[in-house]
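This is what each chain is made of:
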Amino acid sequence: LIRIGKYKSLSDLNMVMGIGLFYYHNGKTQTALNIIENYLRIGKPSLKILSIYLEMLVKKGDLTKARAVYEKIKGVPYKPLQAYISIARFLDLDQRFGDAKIEILEGIKNYKNSVPLYLELIRYLVRDSNFKEMEKVLKLVENLEAENSPFYFSKYLENMGILYAVKKDDKKATQFFKTALAMRESDELRSKLAALTV
């Protein structure tokens, strides 16, 4: 499909985003960045493509370019869902964790039923050791059925594991981690499970 659409990869915004995301999610971040940057040289950027571009730059750790993109999209009052997440991750990279949490809360105001935003919020609640609020947010994710996404559901299970580890219920925590790991292979998750076992 990429070969078929290659001739449009410098002119069709959706094709550029699709090809860029394909390479990005297959671990080829630099290739994805090249595709997006080639388009941005001649094409008109949208908020969505700038949000995707920002996420890729954060993943690569290019703070200089990421800051320039962040400055372009930060003041927009109603952004695409992805923009809130990308901005929060940039602010994390810049070690502005309080601002990042505010950005996610702003996103939740505009997208009240967004599981990815709730999952991002949980990261900050864990960081703040606010486990009561974390439990409430996890309940919201459960009520939204994790948007029927296996990836989001595995993240929900992982966070349930963290919650039960904090509650000192190691047996339940281990079960949640193992189930999450069965759904989504993750070195980070394996290390959490190993630490819990120790």
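Computed from a predicted model, the values in this text were never measured in an experiment.

(A) How the structure looks around the pattern of salt bridges. Applying the stated criterion to the full structure yields 17 salt bridges. The shortest N-O distance in the salt bridge between Asp94 and Arg67 comes to 3.0 Å. Separated by 27 residues along the polypeptide, Asp94 in the loop between α5 (81-93) and α6 (97-110) and Arg67 in helix α4 (residues 63-73) bring together distant segments of the chain. For Arg67, a relative accessible area of 31% translates into the label partly exposed. Residue Glu71 is joined to Lys74 by a salt bridge in which the shortest nitrogen-to-oxygen separation is 3.1 Å. Of the residues examined, Glu71 reaches a relative accessible area of 42% and is grouped as partly exposed. Residue classification places Lys74 among the partly exposed residues on the basis of a relative accessible area of 39%. Overlapping salt bridges bring together Glu55, Arg89, Asp92, Glu120 and Arg123 as one network.

(B) Expanded view of the layout of surface pockets. Put simply, the largest pocket is a space of about 1200 Å³. Lining of the largest pocket is provided by 34 residues; of these, Glu55, Arg89, Glu120, Phe151 and Lys155 occupy positions nearest its centre. Among the secondary structure elements, those contributing two or more residues to the lining of the largest pocket are α1 (13-25), α3 (47-60), α5, α7 (115-127), α9 (150-166) and α11 (187-197). No other element matches α7, which puts seven residues into the lining of the largest pocket. Grouping the constituent residues of the lining of the largest pocket by class yields 14 nonpolar, six polar and 14 charged.

(C) Local environment of the packing of α1 against α3. Following both chains from N to C, one finds α1 and α3 inclined at 20°, their axes separated by 11 Å at the closest point. With respect to α3, the element α1 is oriented roughly parallel. Between α1 and α3 the crossing geometry is left-handed. Here α1 contributes Leu13, Val16, Met17, Gly20, Leu21 and Tyr24 to the contact with α3, which in turn contributes Lys48, Ile49, Ile52, Glu55, Met56 and Lys59. In terms of residue class, the contact of α1 with α3 is built from eight nonpolar, one polar and three charged.

(D) Expanded view of the packing of aromatic side chains. The full count for this structure, using the stated rule, is seven aromatic pairs. Considering the side-chain rings of Tyr84 and Tyr111, the 6.2 Å spacing of their centres and the 70° angle between planes classify their relative orientation as edge-to-face. Of this pair, Tyr84 sits in helix α5 while Tyr111 sits in the loop between α6 and α7, and the two are 27 residues apart along the sequence. For the pair Tyr84 and Tyr111, a shared accessibility class is recorded, and that class is buried. For the ring pair Tyr164 and Phe176, a centre distance of 5.5 Å and an interplane angle of 25° mean the geometry is stacked. Note that Tyr164 is positioned in helix α9 and Phe176 in helix α10 (residues 170-183), a separation of twelve residues in sequence. Through a chain of ring-to-ring contacts, the aromatic side chains of Tyr78, Tyr84 and Tyr111 assemble into a single cluster. One Lys or Arg, Lys167, reaches over the ring of Tyr164 and ends 5.0 Å from the middle of that ring.

Basis of the calculations
Residues numbered from 1 in each chain as written. Predicted model: local features only at pLDDT ≥ 70, side-chain atom pairs only at ≥ 80, totals over all residues. Heavy atoms only, no water. Salt bridge = Lys/Arg side-chain N within 4 Å of Asp/Glu carboxyl O. Helix = DSSP H or I, 4+ residues; strand = E, 2+ residues; numbered from the N terminus. Buried < 20%, exposed > 50% of the residue type's maximum accessible area, 1.4 Å probe, protein only. 1 Å grid on protein atoms, 1.4 Å probe; cavity = no way out; pocket = protein on both sides within 12 Å on 5 of 7 lines; lining within 4 Å. Points joined across faces, edges and corners; volume = space filled by probe spheres on them. Nonpolar A, V, L, I, M, F, W, Y, C, P; charged D, E, K, R; others polar. Axes fitted to C-alpha atoms, helices over the stretch in contact; angles between N-to-C directions. Parallel < 35°, antiparallel > 145°, perpendicular 65-115°, else oblique. Left-handed = near helix turned anticlockwise from the far one by under 90°. Contact = heavy atoms within 4.5 Å. Phe/Tyr/Trp six-rings, centres within 6.5 Å; stacked < 30°, edge-to-face > 60°. Lys NZ or Arg CZ within 6 Å of the ring centre and 35° of its normal.

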